[in-house]
Amino acid sequence: MQPKVWRFLGFASAVVGLLCYALSSSFNHLFGNWNLLKIVLYSVFSFVISLMVLFAKVWQHSRSLRFKAHLAFLVLTITAVYSFFSDKVMNGKPDAYSLISCAAFAIMTLSLSRQTQCFSYSLIILRSYFSPIDAALQNEYDGLRDEDFVAIEVYSPQLATSSTDIASMMQQLATCVKALQQENSNLINMVLGVLEWVEFRSEIVVTDHNFVIDALPSGRIDELHEIAKLMMGAGFEKEFSEVYSSWRREWLEECVINKLLGLQKINIKKEQDRAVFIDYTMIERWITTSKVSLKILFPGERRLCDHVFLGFSPAADRCFTEICRGTTIQLLNFADTVAGGSPSLRRLFQMVHVFHTLRDMIPQFQSLFSDLLVNDVVQTLRDQIPQFQSLFSNSLVNEAVAVLNRSAKATRDLFMKLDILIFDIPEAKLVAPANGGCHPMMDAFISHLVHTSRLRQILEQILQEYSKDANEAGTSLFTAKMESIMNQLARILLAKSESYKTPALRYIFMMNNHRRIENVEKMLKLGTTVGNDRIQKYRAKLYIERYQRSSWNKLLDILKLDSNESPNVAAESMKDKLNRFNLFFENLCQDQSTWFIIDKQLREEIIMSVESTLLHAYGNFIGRLHDILGRHAYEYIKYGIFDIQDRLNHLFLGSNTMN
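Here is what the cut-offs are and how they apply
Residues numbered from 1 in each chain as written. Predicted model: local features only at pLDDT ≥ 70, side-chain atom pairs only at ≥ 80, totals over all residues. Heavy atoms only, no water. Helix = DSSP H or I, 4+ residues; strand = E, 2+ residues; numbered from the N terminus. Buried < 20%, exposed > 50% of the residue type's maximum accessible area, 1.4 Å probe, protein only. Contact = heavy atoms within 4.5 Å. Axes fitted to C-alpha atoms, helices over the stretch in contact; angles between N-to-C directions. Parallel < 35°, antiparallel > 145°, perpendicular 65-115°, else oblique. Salt bridge = Lys/Arg side-chain N within 4 Å of Asp/Glu carboxyl O. 1 Å grid on protein atoms, 1.4 Å probe; cavity = no way out; pocket = protein on both sides within 12 Å on 5 of 7 lines; lining within 4 Å. Points joined across faces, edges and corners; volume = space filled by probe spheres on them. Nonpolar A, V, L, I, M, F, W, Y, C, P; charged D, E, K, R; others polar. Polar contact = N/O pair within 3.5 Å; in protein donor to acceptor, adjacent residues only side chain to side chain. Core = buried A, V, L, I, M, F, W, Y, C linked by side-chain atoms within 4.5 Å. Phe/Tyr/Trp six-rings, centres within 6.5 Å; stacked < 30°, edge-to-face > 60°. Lys NZ or Arg CZ within 6 Å of the ring centre and 35° of its normal. pLDDT = per-residue confidence, 0-100. Expected span 1.5 Å × (residues − 1). Bend = angle between axes of the 7 residues up to and from the residue. Disulfide = S-S within 2.5 Å. Patch = residues over 30% accessible without salt bridge, like charges linked within 9 Å, V, L, I, M, F, W, Y side chains within 5 Å. Areas by Shrake-Rupley, 256 points an atom, 1.4 Å probe, with all protein chains shown as cover.

## Some details on the overall build of the protein chain
Move 1: Helix and strand counts for the protein chain come out as 32 helices and 2 strands.
Move 2: Expressed as a percentage of the 659 residues in the protein chain, the buried residues total 46%.
Move 3: In the protein chain, the proportion of contacts linking residues at least 24 apart, taken out of those at least 6 apart, comes to 77%.

## Observations regarding the packing of helix H15 (residues 280-308) against helix H16 (residues 313-339)
Move 1: Closest axis-to-axis distance for the H15/H16 pair is 10 Å, and the angle between their directions is 175 degrees. By the angle class used here, H15 and H16 are roughly antiparallel. For the pair H15 and H16, contact is made by Met282, Ile283, Trp286, Thr289, Ser290, Ser293, Phe298, Glu301, Arg302, Cys305 and Asp306 and by Ala316, Asp317, Cys319, Phe320, Ile323, Cys324, Thr327, Thr328, Leu331, Phe334, Ala335 and Val338, respectively.

## Thoughts on the pattern of salt bridges
Move 1: In this structure the tally under the stated criterion is 22 salt bridges.
Move 2: A salt bridge links Glu223 to Arg220, with the shortest nitrogen-to-oxygen separation between them at 3.1 Å. Separated by 3 residues within a single helix, Glu223 and Arg220 lie in helix H12 (residues 218-233), roughly one turn from each other.
Move 3: A salt bridge links Asp557 to Lys560; the nearest nitrogen and oxygen atoms lie 3.4 Å apart.
Move 4: Among the ionic contacts, a cluster of salt bridges with common partners joins Arg515, Glu518, Asp599 and Glu605.

## Describing empty space enclosed by the protein
In this approach a probe as big as a water molecule rolls over the atoms, and the regions it shows empty are the leftover space.
Move 1: Scanning the entire structure with this criterion turns up 2 cavities of 30 Å³ or more.
Move 2: Contributing to the lining of the second largest cavity are Lys560, Leu561, Asp562, Glu565, Ala570, Ser573, Met574, Lys577, Phe621 and Arg624.
Move 3: The set of elements that each furnish at least two residues to the lining of the second largest cavity consists of helix H30 (567-592) and helix H31 (600-629).
Move 4: With 4 residues, the single largest contributor to the lining of the second largest cavity is H30.
Move 5: Classifying every residue of the lining of the second largest cavity gives 4 nonpolar, 1 polar and 5 charged.

## Description of the side chain of Glu460
Move 1: Tracing the sequence through the fold places Glu460 in helix H23 (residues 456-465).
Move 2: On the accessibility criterion, Glu460 (15% relative accessible area) is buried.
Move 3: Polar side-chain contacts of Glu460 include one of 2.6 Å to the side chain of Arg456.

## Thoughts on the nonpolar core
Move 1: In terms of nonpolar packing, the biggest core is built from 151 residues, with Tyr244, Leu297, Trp552 and Leu614 touching the most fellow members.
Move 2: Excluding anything up to four places from it in sequence, Leu297 contacts Val191, Phe211, Val212, Trp251, Leu252, Cys255, Val256, Leu260 and Val292.

## Let's talk about unusual backbone geometry
Move 1: Although it is not a glycine, Phe652 adopts a positive phi angle of roughly 60 degrees.
Move 2: Note on placement: Phe652 falls in the segment after helix H32 (641-649).
Move 3: Given the relative accessible area of 1%, Phe652 is considered buried.

## A short note on the environment of Leu459
Move 1: As for its placement among the helices and strands, Leu459 is situated in helix H23.
Move 2: Each residue touching Leu459, except ones within four places of it in the same chain, is listed here: Val352, Thr411, Phe415, Thr452 and Phe478.

## Some thoughts on the packing of aromatic side chains
Move 1: Within this structure, the stated rule accounts for 19 aromatic pairs.
Move 2: Measuring from centroid to centroid gives 5.8 Å for Trp286 and Phe334, while their planes differ by 15 degrees, and the two rings are stacked. Here Trp286 is found in helix H15, whereas its partner Phe334 is found in helix H16, with 48 residues between them in sequence. In this pair, the class of Trp286 matches that of Phe334, namely buried.
Move 3: Centre to centre, the rings of Tyr500 and Phe509 are 5.5 Å apart; their planes meet at 55 degrees, and the pair counts as tilted. The burial state of Tyr500 is the same as that of Phe509; both residues are buried.
Move 4: Chaining the aromatic ring pairs together yields one cluster made of Trp552, Phe581, Phe585, Tyr618 and Tyr639.
Move 5: Taking the ring centre of Trp247 as reference, the NZ or CZ of Arg248 above it sits at 4.5 Å.

## Re the confidence of the model for the protein chain
The predicted coordinates ought not to be read in detail in places where the model reports low pLDDT.
Move 1: Residues with a pLDDT of 70 or more make up 73% of the protein chain, whose mean pLDDT is 77.
Move 2: Note that pLDDT drops below 50 for residues 271-275; the model gives that stretch 7 contacts with residues more than four away or on any other chain.
Move 3: Between residues 372-393, whose pLDDT stays under 50, and residues either more than four places distant or in other chains, the model counts 23 contacts.

## Description of helix H17 (residues 345-368)
Move 1: An ideal rise of 1.5 Å per residue puts 34 Å on 24 residues; H17 measures up with 34 Å between its terminal C-alpha atoms.
Move 2: At Met361, H17 is deflected by roughly 35 degrees, the largest bend along its length, and proline Pro363 occurs up to four residues later in sequence.

## Regarding the packing of H15 against H17
Move 1: Interhelical geometry of H15 versus H17 gives an angle of 0 degrees and a closest axis separation of 10 Å. The angle between H15 and H17 places the two elements in the roughly parallel class. Packed against H15, whose contacting residues are Tyr280, Ile283, Trp286, Ile287, Ser290, Lys291, Leu294, Lys295, Phe298 and Pro299, the element H17 presents Arg346, Phe349, Gln350, His353, Val354, Thr357, Leu358, Met361, Gln364, Phe365 and Leu368 at the interface.
Move 2: Per-class residue counts for the contact of H15 with H17 are 13 nonpolar, 5 polar and 3 charged.

## Here's the deal with the state of the cysteines
Move 1: Taken as a whole and judged by the stated rule, the model has 0 disulfides.
Move 2: Between Cys305, a cysteine without a disulfide, and Cys319, which holds the nearest cysteine sulfur, the sulfur-to-sulfur distance is 5.0 Å.
Move 3: In this structure Cys305 comes out as buried when scored by relative accessible area, which is 0%.

## Brief notes about a nonpolar patch on the surface
Move 1: Taken together, the side chains of Leu36, Val40, Val44, Phe47 and Val48 present a nonpolar region at the surface, about 490 Å² in accessible area.
Move 2: Residue position: Val40 is located in helix H3 (residues 36-54).
Move 3: Classification of Val40 as partly exposed rests on a relative accessible area of 44%.

## Examining the side chain of Thr327
Move 1: Along the polypeptide, Thr327 turns up in helix H16.
Move 2: Discounting chain neighbours no more than four positions away, the residues touching Thr327 are Leu252, Glu253, Val256, Ile257 and Phe298.

## Considering the environment of Val354
Move 1: In this fold, Val354 is placed in helix H17.
Move 2: A relative accessible area of 0% places Val354 in the buried class.
Move 3: With near-sequence residues (within four places) excluded, Val354 lies in contact with Ile283, Trp286, Ala335, Val338 and Ser407.

Here it is as structure tokens:
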């Protein structure tokens, strides 16, 4: 039967036996009629016995010799007392309750014998139901002195294994493990092949977790299982588990940490380890390695443990956890190292990816490393038995959740400094370019803005779940921070534009930078990231009107006509204005042809805007001049309408192409 069946069978037998014995004539004959005190004492006694039977596995694994001695003494005392009174009462004719209780207690003790290896006393109690314990059986009890107390251990025939047999089993185990170790390199190569396959896929879906066990020789695995049965049955669970765990743990750490991740062990307590340069390639490798470990390798080790320790589930659970602990801690240490680095934008984006991966892996952690002993009784025992305290305090699930929380809080704190970090770049200290093009910092700024936009959903989740202020939603925090960054960008660009002596060039500079943001907004829909109102304010065309007023309005003023002047006066005035227009227009086109507009559409918009006002005013002026001078007007006209258009079309090309 499976251990769980024996466990609950023993518990049920204890309850039935105690209840039937309380109703039997034997109890009334020995202890008299029931009263309140007897009911209370018998209930407490029955409750303690039932719990001991139900949780036999808990006190079996205690390493406290004093605890075992007291427990053994209690069991032996109860057995002896019950045997004495039972034999005395059975001289008469027992009733049905007595027979049922005896049978139930026999099944209970058999269940305890099946579950534990520390106390094999079922035959003693079964024998005591029918005859006193003879002298030969009494000799099977040995008193062992340990320091200042006496520990009483019950002799178990299944533990009576000679030193020769022990040595033989250990030799068989060593030989089997050595043969399996020779397969390590082949298995690692198979895992590396899986890694290359996984790198081209965003998600790993595994339906068969027999990857590890199928890669090892089935004959050797079956042999290892037989050795496990022999050694576990003989009470050498610790020795077998240590050899097996050491073999699998070394392979797993070599495969995952050194081969897959390509990184030696990280000690997050060492400051020099925090300074390890971790680039995006390493982050991607860690993400892939973590997925392969939790979805392929760890489940494979679970299957292998279950096969080798078949029939010994608690031992398999402990061994599996011990095998994976070192590798898991190293993977988590890597995540802690990323979270503990110096503040930077690169680290912020790395931390978001690490958090996202850890969050998705928590269900795998819970599935693989769920705590085995979580109930009120064990909760009490763990405060008294050191090994239980260690088991709970070092839970891999708790450790993974703790690293996830630390990563999230570090990401939250770093994001709140984004408006400082995003402008803390060398390019931000450079002056504006002479041709009015985009500022050198815009490339880095746009890159960070795009990356932040793509991570918006995860960042909002972090800000929501780990907010310092419960009243603020993650979305509002994210939007407020992005608007703050855009406001700061506007102030920086405005300050940079002051370096231009020509006002028109300042507006060209502002138009270029804001059109750059506008183009990114269209491509990635940044309106949802920095707010539609804010993006609307940054439309580059808002500066076109200001540019025209500061640059071309002076030229338009020259072309203004005075209808009150006489023809002779008007002719001389218009000749003078035309000469000034030609000179001003020439200089203006020569200067602005060296300016640069980054966006073709924006350049066309500016030229069309200038044409719509300048050509109309110039056409009216030339028409009036023809009216006054007739065909002599051509002697003074240097630029025709098409010439004006041609010169305008050569503006903002970034070089002096017109002479």
